[in-house]
Amino acid sequence: MRLEFTKMHGLGNDFVVIDGIRQAVRLDEPTLRHLADRHFGIGCDQILLVEPPGDPAQALFRYRIFNADGSEVEQCGNGARCFARFVREQGLTEAREIPVETLGGRIVLHVEDDEQVRVNMGQPVFAPERIPLIAESEADAYTLDVQGHSITLGAVSMGNPHAVILVDDVAGAPVHEIGPIIERHASFPRRVNVGFAALRDRGHLDLRVFERGVGETLACGSGAAAAMAVLRRRGLVDDNLEVSLPGGTLVLSWAGQAEAPVWLTGPATTVFNGWIDL
């Protein structure tokens, strides 16, 4: 199978984007892992697949996201921005407002005049059973036992599950030591993305994210949205927040009301187009 693709990134969080509308695509887990392999395949954090929508009245496309380990996930903010650039660059649509179906629900992508993409990430979900998180009741913070140590974290779903841990300094945060342990902690039945956040002030946050099924990435859009939601709910940040990740800065906004969505704005970059013979 000859597969055409585009390599893209959002602040260094990189993707293989595949048009599943104009070419036949068959992706099983071994194929997905091969595509993501940086030594024997193309190399990426996630594979993004463009498909026709299930309900054309509600969305222009279906947006599917696969992690480097082959698992399909619900949401990816950096990927969503690349998705919006891709469908416009490939001539699949001329729209600047692009509703898409995802495994985590319908989201809307807005391409600005400067070609940055603003994403309606949906409403934060704090109910433990919907994250999902095993907990007795909903709370601003939870305590987990991690190898005999108590770790305090916030938890939220932004279409996918996130844990957010406050640290003094992200440079010294134990991302690779406890990130994978919390990712697979028994309290998170579907695993979890783990963010390590350090507040500079009420309008600025530093963040590193250990992504479920991937490992640490240079940027994580849904992780930035999750950090915004968790910390805004606790009154630690304002309605507008700049989130600095290893790959660059994203701009987030959330009014703090349950029915209000989190908005994320940032760049998306095309690196090259190519094909691979599978």
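The structure under discussion appears in the preceding block.
Residues numbered from 1 in each chain as written. Predicted model: local features only at pLDDT ≥ 70, side-chain atom pairs only at ≥ 80, totals over all residues. Heavy atoms only, no water.

Q: An account of empty space enclosed by the protein is needed here, citing residue identities and associated values.
A: In total, this model carries 2 cavities of 30 Å³ or more according to the counting rule given. Size it by volume and the largest cavity reaches roughly 70 Å³. Lining the largest cavity, in full, are Q46, N67, V73, Q75, C76, N160, N193, E211, R212, C220 and S222. Here the lining of the largest cavity is composed, by residue class, of 3 nonpolar, 6 polar and 2 charged. Each pocket or cavity is described by its volume, and for the second largest cavity that value is around 30 Å³. The wall of the second largest cavity is formed by H162, A163, V164, G195, L207, V209, G223 and A226. Counting only elements with at least two residues in the lining of the second largest cavity, the list comes to β11 (161–166), β13 (204–211) and α4 (221–233). Counting residues per element, the lining of the second largest cavity draws most heavily on β11, which supplies 3 residues. (1 Å grid on protein atoms, 1.4 Å probe; cavity = no way out; pocket = protein on both sides within 12 Å on 5 of 7 lines; lining within 4 Å. Points joined across faces, edges and corners; volume = space filled by probe spheres on them. Nonpolar A, V, L, I, M, F, W, Y, C, P; charged D, E, K, R; others polar. Helix = DSSP H or I, 4+ residues; strand = E, 2+ residues; numbered from the N terminus.)

Q: Quick one: what's the story with the pattern of salt bridges, residue by residue and with numbers?
A: What the rule picks out here adds up to 21 salt bridges. With its nearest N and O atoms 2.7 Å apart, the salt bridge here joins E74 to R212. Pair noted here: E74 is in the loop between β5 (72–73) and α2 (77–89) and R212 is in the loop between β13 and β14 (215–217), with a separation of 138 residues, a long-range link. In this structure, R118 engages E112 in a salt bridge whose closest nitrogen and oxygen atoms are separated by 3.0 Å. Connected through salt bridges with shared partners, the residues K7, D14, R38 and D45 form a single ionic network. (Salt bridge = Lys/Arg side-chain N within 4 Å of Asp/Glu carboxyl O.)

Q: Please set out the side chain of T31 residue by residue, giving values where relevant.
A: By secondary structure assignment, the location of T31 is in helix α1 (residues 29–36). Owing to a relative accessible area of 16%, T31 belongs among the buried residues under this scheme. Looking at T31, its side chain comes within polar contact range of the side chain of D28, at 2.6 Å. When neighbours within four sequence positions are excluded, T31 is seen to be in contact with R26 and L278. (Buried < 20%, exposed > 50% of the residue type's maximum accessible area, 1.4 Å probe, protein only. Polar contact = N/O pair within 3.5 Å; in protein donor to acceptor, adjacent residues only side chain to side chain. Contact = heavy atoms within 4.5 Å.)

Q: Give me helix α3 (residues 175–183): which residues, what numbers.
A: The α-helix advances 3.6 residues per turn, and as a result positions three or four apart in sequence lie on the same side. The set of residues buried in α3 consists of V175, I178, G179, I182 and E183. Axial view of α3: buried residues confined to an arc of 140°, hence all on one face. For α3, the elements touching its buried residues are β9 (142–146), β10 (149–157), β11, β12 (193–201), β13 and β14. (Arc of directions from axis to C-beta.)

Q: Lay out the packing of aromatic side chains in plain terms, naming residues and giving numbers.
A: Evaluated as defined, the whole model comprises 4 aromatic pairs. With centroids separated by 4.8 Å and ring planes inclined at 50°, the aromatic side chains of Y63 and F83 adopt a geometry described as tilted. With Y63 in strand β4 (residues 61–67) and F83 in helix α2, this residue pair connects regions lying 20 residues apart in the sequence. Both residues of the pair, Y63 and F83, belong to the buried class. (Phe/Tyr/Trp six-rings, centres within 6.5 Å; stacked < 30°, edge-to-face > 60°.)

No statement about biological role is implied by the geometric values presented.
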